[in-house]
Amino acid sequence: MKQYLMLTNEELKRSWKMIVSVILAMASIEILTVVGRVIYHERQIKEYMSYSKLTESEALRSFGKLSFGLASVYFGYIVLVGIVLVILYAVQIWYRDWFGESKYIYRLLLLPGSRAKIFFAKFTSLALVIISFIGLQWVVIQLSYAIFNWLIKDDYRTSSFNIPIELNQLYTMNLIDTLILVVLALFIVSFLFMLVLLERSYRKVKGLLFIVLEVVAFFIIMVGGMYVIEKLDFFLSQEISAIMLAIFVLYFVYTIWKSLRLLKWKISV
Amino acid sequence: MQFDQRSPVYLQVVRWFKEQIATEELKCGQEIPSRREIAAQLGINPNTAQKAYKEMEDQHLITTERNVPSKITMDQEVVKKVRTEMLDEAVAQFIEAVQAIQIPLGEVVTKVETMYQSTERRKIDA
Amino acid sequence: MLEVHGLKKRYGRKKPILEGVSFSVRPDSITCLIGLNGEGKSTILKAIMGLVPVDAGTVLVDGEVSREKIAFVPDLQTMPGYMTIGDALLYMSDYYPDWNPKVAEELMGLFKLLTTDKILELSKGNQAKFSLVLGFALDRPYLLLDEPFAGIDLFTKEQIAWIFSSHYMEGRGILMTTHEIIEIEHLIDRVVFLQDGRIIDEHDTEEMREVYGKSVQDRMREVYQR
């Protein structure tokens, strides 16, 4: 347990600069897009006024006011970039130990005790990054909303607080939903870890083959399972969710179990 | 110390000790370094040092009692024997070399005397 | 005794690199695994340590399967890139219950290494020395060294060789790989020759000199040049 915590700390120590700079960059870009949208809107109104020879209120009425949802319309794309970066991090956190400045993987695999702690240290790093990513995105939304209100003239904006539709799914203000989101993200991480470890264990053609097999198996289980359940028309919708949840949990456990086995028996430096 | 890689290292170590006994650099009853020390000093494997000491014990060159450092033997006979043995060995080698170029004994002896004396003199001058 | 039994390993579809390798390393002795480049010497060490899976074979340490009695010094750096020597020593003492800080400190002094230096910025010779510190400061009965003398200048070689004749050898069985033996011949107890994935010859070095009047180098020539 102590070693696991130390290793997690070590992992974060090795990437915190990268993580912090990415988060800062993304937050500032998001805030800048809001500022940009506000300025752009004001200029549009002004141009519209001089072009159509209307008063400000007439122009606002016919052209439209700016809502925060519209001002933060780019957040969805930036979050998407964030997701891609997290996926890359999940892959990089393993490969750097083989192809980085040094062959740290030797040291990791030789540490006394079980190798499971290596997996869980990396997994925890990812979990922490994902959770702080979701949390900080929320903070950035609040912050940019405040900036939006402060920046824009009162009668230029609609008073309601709404966020882009893409992010509505992310921030339903419901704890369970957020939890499901995090678990889903962690599942994806675990799946990626398994694929990376398959490649690091079998390499080249054989590695690729196993990866394809796992991905195909995943789709068959998830999509096929859903299809069969729907076709059977036997379960109530609540039962269907329960069954899907059970399959999902089992598969999640499988990916972790598989990774730990690869790490113990098959991995190669 | 340079080693001949074709003959056993432990025997070379024994020989190294014999030379020092013959020249009395190591005197009768003098303590000698431990096996560990000699290994580090000569840069050899500690097992080889152990084997060399064992060999020297067998040849009665050194004596080892429990918990005391090994010592050069007190037996003058052994020391004398080492001297003769080394002389025999050196002369045998010399004769072999001289016979190979077929020089008669008389000429060799004269040459040995003059050269021996002149090198001695040079040593004293220096 | 460290016993290796029937190691087999094949990478992909190529010819097997190890075709049933068996040998043993006695405690308190130095065994040298000799082979030309690419003969699979490193693979054997990695297999012993469980760093590559093997297709067959077992490794027993004093009769049991226990890697934690073996220390391993590979011929590359294994600490994260940002670390100084001091960081790395701290790391070792954090993770290894059998870490011996006293030995580490002594060897650091002996090799004149500074804790403030970054590991990856050290010279090749100092990197090799530092790797040895990491290996010798673990209180384990067996130590594997992969090419400890490769690419190192003569004086550093002598300094490193010294350790094998010192009291740091006490209670340690050593297995080292090498493809050039000449400067360290007199240090070695036993040589094991590897060729085409098999052990083709084994000797006690002193016996080889005494009985056959041959150096390890002579024997190497006979083995690899026929």
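Just so you know, the residues in each chain are numbered from 1, in the order the chain's sequence is written. Labels follow written order: the first chain is A, the first ligand is 1, and so on. Local features in this predicted model are restricted to residues of pLDDT 70 or higher, and side-chain atom pairs are both shown and tallied only at a pLDDT of 80 or more, whereas totals for entire chains, interfaces and linings draw on every residue.

Chemist: What am I meant to see in the overall build of chain A here?
Modeler: By definition, any uninterrupted DSSP run of H or I lasting at least four residues is a helix, any uninterrupted run of E lasting at least two residues is a strand, and each is numbered from the N terminus. Scanning chain A from N- to C-terminus turns up 10 helices and zero strands. For this measure, only C-alpha atoms enter the radius of gyration; the expected value for a globule follows 2.2 Å times N^0.38, where N is the number of residues. In summary, chain A has a C-alpha radius of gyration of 24 Å against a globular reference of 18 Å for 269 residues, an excess of more than 25%. On the principal axes, the C-alpha backbone points of chain A span a range of 75 × 55 × 35 Å. Every one of the 269 residues in chain A was classed for burial, and the buried ones make up 25%. By sequence separation, contacts in chain A at least 24 residues apart represent 81% of the contacts at least 6 residues apart. To sort residues by burial, count the other C-beta atoms lying within 10 Å of each one's C-beta; a count of 20 or more means buried, 12 or fewer means exposed, and anything in between means partly exposed. C-beta atoms are built from the backbone. A pair of residues counts as a contact when their C-beta atoms, built from backbone coordinates, are separated by no more than 7 Å.

Chemist: Which parts of the structure should I look at to understand the environment of Asn37 of chain C?
Modeler: Within the element layout of this structure, Asn37 of chain C appears in the loop between β3 (30–34) and α1 (41–49). Along the backbone, Asn37 of chain C and Tyr212 of chain C are 175 residues apart, and their C-alpha atoms lie at a distance of 27 Å.

Chemist: Any chance you could explain the pairing of strand β1 (residues 2–9) of chain C here in plain terms?
Modeler: Residues in a regular strand point their side chains to alternate faces of the sheet. Residues and elements named next belong to chain C. In this structure, β1 lies alongside strand β2 (residues 18–25), joined through six bridges in antiparallel fashion. Across the sheet, Lys8 pairs through a bridge with Glu19, a residue of β2. Pairing between β1 and strand β4 (residues 56–61): five bridges, direction antiparallel. The residue bridging Lys8 from the neighbouring strand is Ala56, located in β4. Only when DSSP finds a minimum of two bridges between them are two strands counted as paired.

Chemist: When you look at unusual backbone geometry in this model, what are you seeing that I'm missing?
Modeler: Peptide bonds are trans in most cases, and residues, glycine excluded, mostly fall at negative phi. All names here are of chain B. The backbone of His60 shows a phi angle near 60 degrees, a positive value even though the residue is not glycine. Note on His60: 12 C-beta atoms within 10 Å, which makes it exposed. Even without glycine at this site, Gln102 takes up a positive phi of about 50 degrees.

Chemist: When you look at the sheet that holds strand β5 (residues 70–73) of chain C in this model, what are you seeing that I'm missing?
Modeler: Backbone hydrogen bonds hold the strands of a sheet together, and the pairing may be parallel or antiparallel. Residue and element names in this part refer to chain C. On the basis of which strands lie adjacent, the open sheet formed by six strands has the order β5-β6-β7-β3-β8-β9 and mixed pairing. Two strands lie at the open edges of the sheet, namely β5 and β9 (198–204), each paired on one side alone. This sheet shows a mean twist of 15 degrees between the axes of neighbouring strands, independent of strand direction. Of the pairings in the sheet, the one linking β5 to strand β6 (residues 142–146) comprises four bridges and is parallel in character. Looking at the pairing, Ile70 lines up with Tyr142 of β6. In the packing of α1 onto the sheet, contacts are made with β3, β5, β6, β7 (173–178) and β8 (190–195), and the angle to β6 comes to roughly 145 degrees. The axes used here are C-alpha line fits, helices contributing only the stretch in contact, and every angle between their N-to-C directions lies in the interval 0 to 180 degrees. The strands touched by helix α4 (residues 124–136) are β5 and β6; relative to β5, the strand with the most contacts, the crossing angle is about 175 degrees.

Chemist: Explanation requested: the domain arrangement of chain A in the structure shown.
Modeler: Quoted interface sizes are often the accessible area lost when the parts come together. All names here are of chain A. Residue ranges assigned to the domains are those given by an automatic or database domain assignment. Split by domain assignment, chain A resolves into domain 1 (1–173) and domain 2 (174–269). Contacts between the two partners involve 20 residues from domain 1 and, on the opposite side, 18 residues from domain 2. At eight residues, the largest contribution of residues to the side of domain 1 that touches domain 2 is made by helix α6 (residues 116–151). Each residue receives one of three labels: charged for Asp, Glu, Lys and Arg, nonpolar for Ala, Val, Leu, Ile, Met, Phe, Trp, Tyr, Cys and Pro, and polar for the others, Gly being one of them. Looking at the side of domain 1 that touches domain 2 residue by residue, the class counts come to 17 nonpolar, one polar and two charged.

Chemist: What am I meant to see in the interface of chain A and chain C here?
Modeler: Contacts between chain A and chain C engage 19 residues on the former and 20 residues on the latter. Mapped by element, the contributors of at least two residues to the side of chain A that touches chain C are α1 (2–52), α5 (104–110) and α10 (237–266) of chain A. Here the side of chain A that touches chain C gets five residues from one element, more than from any other, and that element is α5 of chain A. Its residues assigned to classes, the side of chain A that touches chain C shows nine nonpolar, four polar and six charged.

Chemist: What is the right way to look at the interface of chain B and chain C in this model?
Modeler: Tallying the contact residues gives 17 residues for chain B and 21 residues for chain C. For the side of chain B that touches chain C, the secondary structure elements donating two or more residues are α1 (9–22), α2 (35–42) and α3 (46–58) of chain B. Broken down by element, the residue count for the side of chain B that touches chain C peaks at four residues, all from α3 of chain B. Within the side of chain B that touches chain C, the residues separate by chemical class into eight nonpolar, six polar and three charged.

Chemist: Can you help me understand the packing of helix α4 (residues 75–99) of chain A against α6 of chain A in this one?
Modeler: What describes two packed helices is the angle between their axes and the distance between those same axes. Residues and elements named next belong to chain A. Viewed as axis vectors pointing N to C, α4 and α6 meet at an angle of 165 degrees, and their least axial separation amounts to 10 Å. The pairing of α4 with α6 is recorded here as roughly antiparallel in orientation. In this structure, α4 meets α6 at a crossing whose hand is right-handed. Packed against α4, whose contacting residues are Val79, Gly82, Val86, Tyr89, Ala90, Ile93 and Trp94, the element α6 presents Lys122, Ser125, Leu126, Val129, Ile130, Phe133 and Gln137 at the interface. When the residues that make up the contact of α4 with α6 are grouped by side-chain class, the tally is 10 nonpolar, three polar and one charged. Oblique is the label for any angle not covered by the other classes, which are roughly parallel (under 35 degrees), roughly antiparallel (over 145) and roughly perpendicular (65 to 115). For any helix crossing, the convention is left-handed if the near helix is rotated counterclockwise from the far helix by under a right angle, and right-handed if that rotation is clockwise.

Chemist: Explain the confidence of the model for chain A here, please?
Modeler: Residues shown with low pLDDT carry predicted positions that ought not to be read at fine detail. Per-chain confidence: chain A averages 89 in pLDDT, with 98% of residues scoring 70 or above. For every residue, the pLDDT score states the predictor's confidence, bounded by 0 at the bottom and 100 at the top. Mean pLDDT per element in chain A: helix α7 (residues 165–168) of chain A is the minimum at 70, and α5 of chain A is the maximum at 97.

Chemist: Explanation requested: the environment of Asn47 of chain B in the structure shown.
Modeler: Here Asn47 of chain B is to be found in helix α3. Linking Asn47 of chain B and Tyr10 of chain B, residues 37 residues apart in sequence, is a C-alpha distance of 9.2 Å. Apart from the residues within four sequence positions on either side, Asn47 of chain B is in contact with Ser29 and Asp189 of chain C.

Chemist: How do you make sense of the confidence of the model for chain B when you look at a structure like this?
Modeler: Looking at chain B as a whole, its pLDDT mean stands at 90, while 100% of the residues score no less than 70. Interface predicted TM-score (ipTM) for the complex: 0.94; the corresponding pTM is 0.89.

Chemist: What am I meant to see in the nonpolar core here?
Modeler: Nonpolar side chains tend to gather and get buried jointly when the protein is soluble and globular. Any set of buried Ala, Val, Leu, Ile, Met, Phe, Trp, Tyr and Cys residues joined through C-beta atoms within 7 Å is what this text calls a nonpolar core. Core analysis: the largest hydrophobic core is formed by 111 residues, its most contacted members being Val13 of chain B together with Ile34 and Leu144 of chain C. Among the elements that line this core, the one with the most residues is helix α8 (residues 175–202) of chain A, at 11 residues. Two domains each donate at least three residues to this core, and these are domain 1 (1–173) and domain 2 (174–269) of chain A. In this structure Ile34 of chain C touches Thr178, Ile181, Val191, Val192, Phe193, Leu194 and Met220 of chain C, once residues within four positions along its chain are discounted. If you look at the next biggest cluster of nonpolar residues, it comprises seven residues, including Val34, Leu66, Ala71 and Phe148 of chain A.

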